[in-house]
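# Observations on the model geometry
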Amino acid sequence: KRPCARHRCGGGSLRALRATAAAATADGGQVFGLFYCIFFSNRRRQTSQYVRVVAMQWSCVFSSSSSWPLCVVVCACAAVAAVVAVPVAVVSPPSFRSANLSTTALLSADRYGKTVLAGDEMAVAVQEYADCAVFRVQARTRGYVALGFVDPIAAHSVDVLLFWVDDETGVGHLLDMHGKTDTGLTPEKDVSQDYELLASSQNGSHVSAVFRRAWDTCDEHDDVVFGNDTMRMFWTTSDRDPIDRQYTDALKLGSSWKGSQSFHPRGPKFRPNTDYYKKWDVTMDNMHLKDNIDTLYWCKIFRAPKINMKNHIVGFVPLLHADTQSLIHHMILYECDGGPDSMEKYVTLKGAQCYGNAMPEDWNKCVSPVVTWAMGSDGQFLPDHIGVPIDGRDKYYMLEVHYDNPTFRKVMDNSGVRVFYTGHLRANDAGIMAVGMAVSPMHIVPPRQSTYRTVSLCDKDCTNVIFPERGIKITSVLLHAHLASRQLKLRHVRHDQEMATIAQDGRYDYNYQQARELVKEVTVYPGDELITECVYNTEDRPQLTHGGYSTKQEMCLAFVTYYPRTPLASCFSMTPVPFFFETFGVQQFLDYNMEGVEKIFLKLADSTTKKPPVHAPATHVALPAFDDAKTLDELNQAHISYLMKQPSFTIEDDNEPNLFKDLEIMEPVEFQNKTFQQHLDNLPWEDGLLTRNIENRLNNGKHMTFCRLHNDTLAL
């Protein structure tokens, strides 16, 4: 059509753009174009690069009314690469200019955009537009406000924004700056000023500002790229304006920040007015956390609210307390498959250690999640057309709270969740299913690795059996792993072809596990497969990390909200036991054969897909001795009983029991007189070729799927 002779990206970093359509097709209004990007920098040598952009929609390339339309596209000019854009029917947010907001409207919007931080001293919200992100900030000060944006993984530099309103003139000022997180130096002003102040005001106690910046400013040295991945924001305030250098010198990075908050820059976040919903508080009842407990799972049974007909759960918020908030790792509310005859007698109990000897067997029927909360989340609300069904007649629920208490504090806790529900039924019943890696010591992450990938498979056999013919539609995903995880992804495969990724986070922040609400619902049909992928970094770990429930162990899970609801509660996978040991060259163990070992681990996986053990200081339980008089099955059952008595499968302390330490290798001969754990510890994990071969074999080899239903049975 017509070339854009001039284009402004991020406030001037990209000074000029000359675009000529090299070829065009009539297929869907697509164009194959060659864009010539010229990037200027006052302190860097002028460079020119070519970027080939393939199969892009016309509307993404040309515009007659906006000076921002190409910003997201051309900012890829920092890297020369071929980019293929597959057209999908996604409703994109409008451009900022098309919103046509006045200064008064920007400053007076009480519920502007998506809340990032809501506090008495500082409040921040972000609004997504096609061409940029617009931030609204209000702070309790008459001095300057500083925000610092950091990549949580490569947190070596800070993209700093400094703004204030002059006390004498009432004029707002904004500076784009940068600094280093490891030097403590005063931030320096960027050569390219890529933030634009849209509105500002100041009264007797507060200062407010609205500003915008491009998603990618093309300033790769001083600015961070805003996208779908988690971003961490630091903030601080001063009671004085930075009239001269003296006051900005006080902004020492890494020492003067008053707080931080992670957030997702892009994507929707449903937050309705809750005044018209009914509330149900589900909380612990003065649960005493002892000072000899590291990791504890505590469960309590609740009766559903007294309602005479079906209602819909539409959302929840966490109920946390300042003195115990840091100890709460996650909370899950499960629906129980049991009525008054089996469950009513437990309602008055204060609870029990989840899945331990003191927990009643009836509680094992509580496996269907209806609320899932993890660290850093402020809750979740469902779109207007779906709701999780709740029926007050003879329905019971179990709240599971994971306490992570590494400093062995002795506290009392009443944490829980506030569930919002309504009698005005939505169009569809929603469900939540968990997919990912079965929690098992066979889920391993080698030491001293910059990147190590694991995958799990919810295979087509499970979806074929469970999903309706028209498929299910996924609306949101909560990605969950522990401290070593850096990247998570939920992949989608149909007929052996990889579809678009459902959800991913390339900057996973363990302290911010907020559900990701999808811009476009994803349909998963019977026969489709879901792959949960995690990438870990263990450069600071000298020993192998195993799968487990302690935060120093690892997980790789995704909690998926979808509709219509199906009987599926979870779909986990693990490496088949013989295949796992064959990967490490082990053919036979002393005292019992591979079939016996397999039975033990299958029993373990069947139970731990929903039954995390308590992690506490433990006395060693003696491993059952081999006895020729015992049958193989009797010996297997003895080992299963032994496993179920363990506090956890953590392998952080040499004094803790661990099945791998009790499996002595008999074949091959060169591995004899070693336990399997010793064999793993002695492997040269620093050998990149060996580690990659093991990684590829475990990921691309065999997987065994556990397809668990609401009634605690396995469909497969």
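Below, the structure is looked at part by part. (Residues numbered from 1 in each chain as written. Predicted model: local features only at pLDDT ≥ 70, side-chain atom pairs only at ≥ 80, totals over all residues. Heavy atoms only, no water.)

Moving on, we get to the state of the cysteines. Counting across every chain of the model gives five disulfides. The side chain of Cys 336 participates in a disulfide bridge whose partner is Cys 366; the two sulfur atoms lie 2.0 Å from each other. Residues Cys 336 and Cys 366 are joined by a disulfide whose S-S torsion is about 100°; by sign, that bridge is right-handed. Of this pair, Cys 336 sits in strand S20 (residues 328-336) while Cys 366 is found in strand S22 (residues 366-374), placing the two residues 30 residues apart along the sequence. (Disulfide = S-S within 2.5 Å. Helix = DSSP H or I, 4+ residues; strand = E, 2+ residues; numbered from the N terminus.)

Moving on, we get to the sheet that holds strand S36 (residues 516-524). Here six strands make up an open sheet; going across it, the order is S36-S32-S39-S29-S40-S43 and the pairing mixed. Each edge of the open sheet carries a strand with a single partner, namely S36 and strand S43 (704-709). Within this sheet the neighbouring strands show an average axis-to-axis angle of 25°, counted without direction. Alignment of strand S29 (residues 431-437) against strand S39 (residues 556-563), held across six bridges, turns out to be antiparallel. Paired with Met 433 across the strands is Val 560, a residue of S39. (Pairing = 2+ DSSP bridges. Axes fitted to C-alpha atoms, helices over the stretch in contact; angles between N-to-C directions.)

Attention now moves to the pattern of salt bridges. Tallying each qualifying case throughout the model produces 23 salt bridges. For Arg 240, the salt bridge goes to Asp 239, with nearest N and O atoms at 4.0 Å. Owing to a relative accessible area of 42%, Arg 240 belongs among the partly exposed residues under this scheme. The exposure class of Asp 239 is exposed, given its relative accessible area of 64%. Residue Arg 565 is joined to Glu 335 by a salt bridge in which the shortest nitrogen-to-oxygen separation is 2.9 Å. Of this pair, Arg 565 sits in the loop between S39 and strand S40 (568-574) while Glu 335 sits in strand S20; the two residues are 230 residues apart in sequence, bridging distant segments of the chain. Glu 335 gets classed as buried once you look at its relative accessible area, which sits at 10%. (Salt bridge = Lys/Arg side-chain N within 4 Å of Asp/Glu carboxyl O. Buried < 20%, exposed > 50% of the residue type's maximum accessible area, 1.4 Å probe, protein only.)

Within a beta sheet, neighbouring strands are joined by backbone hydrogen bonds and run either parallel or antiparallel to one another. The sheet built from five strands is open, its strands ordered S21-S18-S25-S20-S22 with antiparallel pairing. Each edge of the open sheet is held by one strand with a lone partner, namely strand S21 (352-353) and S22. Sheet topology note: the S20/S22 ladder contains seven bridges and is antiparallel. Across the sheet, Ile 332 pairs through a bridge with Thr 372, a residue of S22.

Turning our attention to the side chain of Ser 573. Within the secondary structure, Ser 573 sits in strand S40. Apart from the residues lying within four places of it in its own chain, the contact partners of Ser 573 are Gly 436, Met 437, Ala 438, Ser 456, Leu 457, His 703, Met 704 and Thr 705. (Contact = heavy atoms within 4.5 Å.)

Next up on the list: the nonpolar core. Among the nonpolar cores identified, the biggest contains 91 residues, and Ile 301, Phe 581, Leu 663 and Phe 676 are the most heavily contacted of them. Apart from the residues within four sequence positions on either side, Phe 581 is in contact with Val 586, Phe 589, Met 594, Val 597, Phe 601, Phe 660, Leu 663 and Phe 676. (Core = buried A, V, L, I, M, F, W, Y, C linked by side-chain atoms within 4.5 Å.)

With that settled, consider the packing of aromatic side chains. Two descriptors summarise a pair of aromatic rings, namely the distance from one centre to the other and the angle between the planes of the rings. Enumeration over the complete set of coordinates arrives at 23 aromatic pairs. Here Phe 149 and Phe 263 contribute two aromatic rings whose centre-to-centre distance is 6.4 Å and whose plane-to-plane angle is 65°, an arrangement assigned as edge-to-face. Of this pair, Phe 149 sits in strand S8 (residues 145-150) while Phe 263 sits in strand S15 (residues 259-263), placing them 114 residues apart in sequence. Judged by centre distance (6.4 Å) and plane angle (70°), the rings of Phe 584 and Trp 685 are edge-to-face. Of the two residues, Phe 584 is situated in the loop between helix H8 (577-583) and strand S41 (588-589) and Trp 685 in the loop between helix H12 (676-682) and helix H13 (688-700); the sequence distance between them amounts to 101 residues. Taken together, the ring pairs connect Phe 580, Phe 581, Phe 584, Phe 589, Phe 660, Phe 676 and Trp 685 into an aromatic cluster. (Phe/Tyr/Trp six-rings, centres within 6.5 Å; stacked < 30°, edge-to-face > 60°.)

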